[in-house]
Amino acid sequence: MNLVFKDKGLRKQVFSLAIPFFLQEAILVLTSFLTAIMFSPGRTDEVIAGIGAASNIYFLYNITVCSLVFIGNLFISQHYGKGQHDNVRKDFYVSLKIVAVLAIIFFTLSMAIPSQLIAIFIPGSKPQDLLAVSYGATYLRIFSISFLFTGFSLIYYCFIKNTGLERYATTNSLITLILLASLNAIFIFGVNMGLEGVATALVIARFVELILNVVFVQIKGKDKFIFKEFIQRDPELFKSFFKRGGALTLAKLSWAIGFLMISVILGQLSKNMGGDGIKMLAANTLLLYAINIIMSIPNCITPTVSVIVGRQLGGNKLNEAKEASKQILRFTAMLAIFAMASVMLSYPIIFYTHSNVSGDKTTAYYLLYFTIIVAAIMIPRGFNGPIENGILTVGGDNLYVSILDGVVWIIPVALGYVGVKCGWHPIAVFACLQLEEVIKCPINFWRYKTNKWVKNIVTPIKVVD
């Protein structure tokens, strides 16, 4: 470890942040997918594919909110490093107000037209396709209530991470996970409520999670939520917020659409595969559960480097920020290799714990080759997050990040679309759809090496009395 971190003080700082961030990230991911993990073994491909399609709607909502979190990490960390606590709260309030609008939009659409939303990702008309859509719509209609809580919790987590309360974020996530596991056990194995029960369990857990976040901030935080400040109208603050982060937000949304296009294209591909289409979609869904859990390992570095480098940049310690970023990226390489090995290990675990995989050669076939392809891109994927969403973003290199996120996804999506139209093998189409991380990695390293991100970007925000 001394070969990775020359500065023992930095190593201590990285681990003091990375371990809580890892625990929180892992717990958040497990909380998001625990329902599917507990409910999937022994279930049919149609059930798994339906839940996977519903998860895509949550993903779009989550990434939309997370685009605000990216901006929050960008400015809250630097404002906190400069001791500008009024500005920290002001960015927090703006994010909460925007999330309220997003929550209402996603909740309304999911309640009103769940089947139509699920059909975007499972467009086939075969009996198994229609059954999968029905399962997904049932799950989404109840699950969408959690949208009214989840977005606010994500903003609170951002606020907590960047104001010295990381341990409380981990504590809250752990409580939420235990509560969700307990409720799922009751609803799945106790009263046998099926999809309705597991969706209800998630809604209850998310509500408790938000309440705990509010309590921790109000009791333990130096920067507390002040309702009088929150309700003040400040058009200039909104204008400043979007001027500083609007391009980045649009880029993240563009990237999210590109990511969802992978599921859309796989859905179109399934239409041409007869009865094997749902099996292919189920294999992809199961692998996604594993990937999201495994990626919590390298993903913990993104907020870690964001906080450390952000505070150093905010304090005009530019050379220290450059050196810290180099050492943290060396540590990232170790975690990326470990993530690659973990992805390969996930195949036998899924195979032996899911009867729809072990009992069907077609589902097992797609899961095996999808796993190999995804494992191959773990190293570039592991680097892209800390560089792009951590170092470059906190350094204010938003134009570059916006262009990269908003454009590169077009290449793999276009190749995948061509593959579907030209009748390429499903494995080849899937491989094309995974190329984004491979394309972005060398570009991100080049941009990082230019050092254009090494600057102090924060300026005082006008505070309204």
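Scoring rules and cut-offs
- Residues numbered from 1 in each chain as written.
- Predicted model: local features only at pLDDT ≥ 70, side-chain atom pairs only at ≥ 80, totals over all residues.
- Heavy atoms only, no water.
- Helix = DSSP H or I, 4+ residues; strand = E, 2+ residues; numbered from the N terminus.
- Contact = heavy atoms within 4.5 Å.
- Areas by Shrake-Rupley, 256 points an atom, 1.4 Å probe, with all protein chains shown as cover.
- Axes fitted to C-alpha atoms, helices over the stretch in contact; angles between N-to-C directions.
- Parallel < 35°, antiparallel > 145°, perpendicular 65-115°, else oblique.
- Left-handed = near helix turned anticlockwise from the far one by under 90°.
- Nonpolar A, V, L, I, M, F, W, Y, C, P; charged D, E, K, R; others polar.
- Expected span 1.5 Å × (residues − 1).
- Buried < 20%, exposed > 50% of the residue type's maximum accessible area, 1.4 Å probe, protein only.
- pLDDT = per-residue confidence, 0-100.
- Phe/Tyr/Trp six-rings, centres within 6.5 Å; stacked < 30°, edge-to-face > 60°.
- Salt bridge = Lys/Arg side-chain N within 4 Å of Asp/Glu carboxyl O.
- Patch = residues over 30% accessible without salt bridge, like charges linked within 9 Å, V, L, I, M, F, W, Y side chains within 5 Å.
- Lys, Arg positive; Asp, Glu negative; His and termini not counted.
- Charge placed at Lys NZ, Arg CZ, Asp CG, Glu CD.

Next up on the list: the overall build of the protein chain. A tally of regular secondary structure across the protein chain gives 21 helices and 0 strands. Of the contacts formed within the protein chain by residues at least 6 apart in sequence, a portion of 84% connects residues at least 24 apart. As presented, the protein chain carries roughly 18,400 Å² of accessible surface, and 68% of it is formed by carbon and sulfur atoms.

The subject of this paragraph is the packing of helix α7 (residues 166-190) against helix α8 (residues 194-220). Between α7 and α8, the least distance of the axes is 9 Å, while the angle of their chain directions is 160°. As summarised for this structure, α7 and α8 are arranged roughly antiparallel, according to the angle between their axes. In the packing of α7 onto α8, the handedness of the crossing is right-handed. Classifying every residue of the contact of α7 with α8 gives 15 nonpolar, 8 polar and 2 charged.

This next bit is on helix α21 (residues 436-449). The terminal C-alpha atoms of α21, which comprises 14 residues, lie 20 Å apart, in line with the 20 Å expected from a rise of 1.5 Å per residue. Taken as a whole, α21 has its buried residues at Glu436, Glu437, Lys440, Cys441, Asn444, Arg447 and Tyr448. Just beyond α21, the residue with positive phi is Asn451, at close to 65°.

A few words on the confidence of the model for the protein chain. Low-pLDDT stretches of the model should not have their predicted coordinates read in fine detail. Confidence along the protein chain averages 81 in pLDDT terms, with 86% of residues attaining 70 or more. Taking the mean pLDDT of every element in the protein chain, the minimum, 70, falls on helix α1 (residues 8-39) and the maximum, 93, on helix α20 (residues 426-433). Low confidence marks residues 459-465, where pLDDT is under 50. Its contacts with residues over four positions away, or in another chain, come to 16 contacts.

Right, let's get into the packing of aromatic side chains. One pass over the structure, following the stated rule, counts 17 aromatic pairs. Taking the centre distance of 5.3 Å and the plane angle of 55° together, the rings of Phe15 and Phe331 count as tilted. Linking Phe15 in helix α1 with Phe331 in helix α14 (residues 318-353), this pair joins segments that are 316 residues apart in sequence. Of the residues examined, Phe331 reaches a relative accessible area of 7% and is grouped as buried. In this structure an aromatic cluster arises from ring pairing among Tyr58, Tyr61, Phe106, Tyr139, Phe143 and Phe147.

Quick look at the pattern of salt bridges now. For the structure on display, the rule yields 4 salt bridges. The residue Lys279 makes a salt bridge to Asp360 at a minimum N-O spacing of 2.9 Å. In this pair, Lys279 is assigned in helix α11 (residues 276-294) and Asp360 in the loop between α15 (355-358) and α16 (361-376), connecting sequence segments 81 residues apart. Using a relative accessible area of 18% as the deciding quantity, one classes Asp360 as buried. Among the charged side chains, a salt-bridge network with shared partners connects Glu388, Glu436 and Lys440.

A contiguous patch of positive charge, built from Lys6, Lys326, Arg330 and Lys449, is present on the exposed surface. Note that Lys449 resides in helix α21. Judged by relative accessible area, Lys449 falls into the exposed class, the value being 60%.

Here we come to unusual backbone geometry. Positioned with a positive phi, Asn451 is a non-glycine residue whose angle comes to about 65°. Along the polypeptide, Asn451 turns up in the segment after α21. Owing to a relative accessible area of 32%, Asn451 belongs among the partly exposed residues under this scheme.

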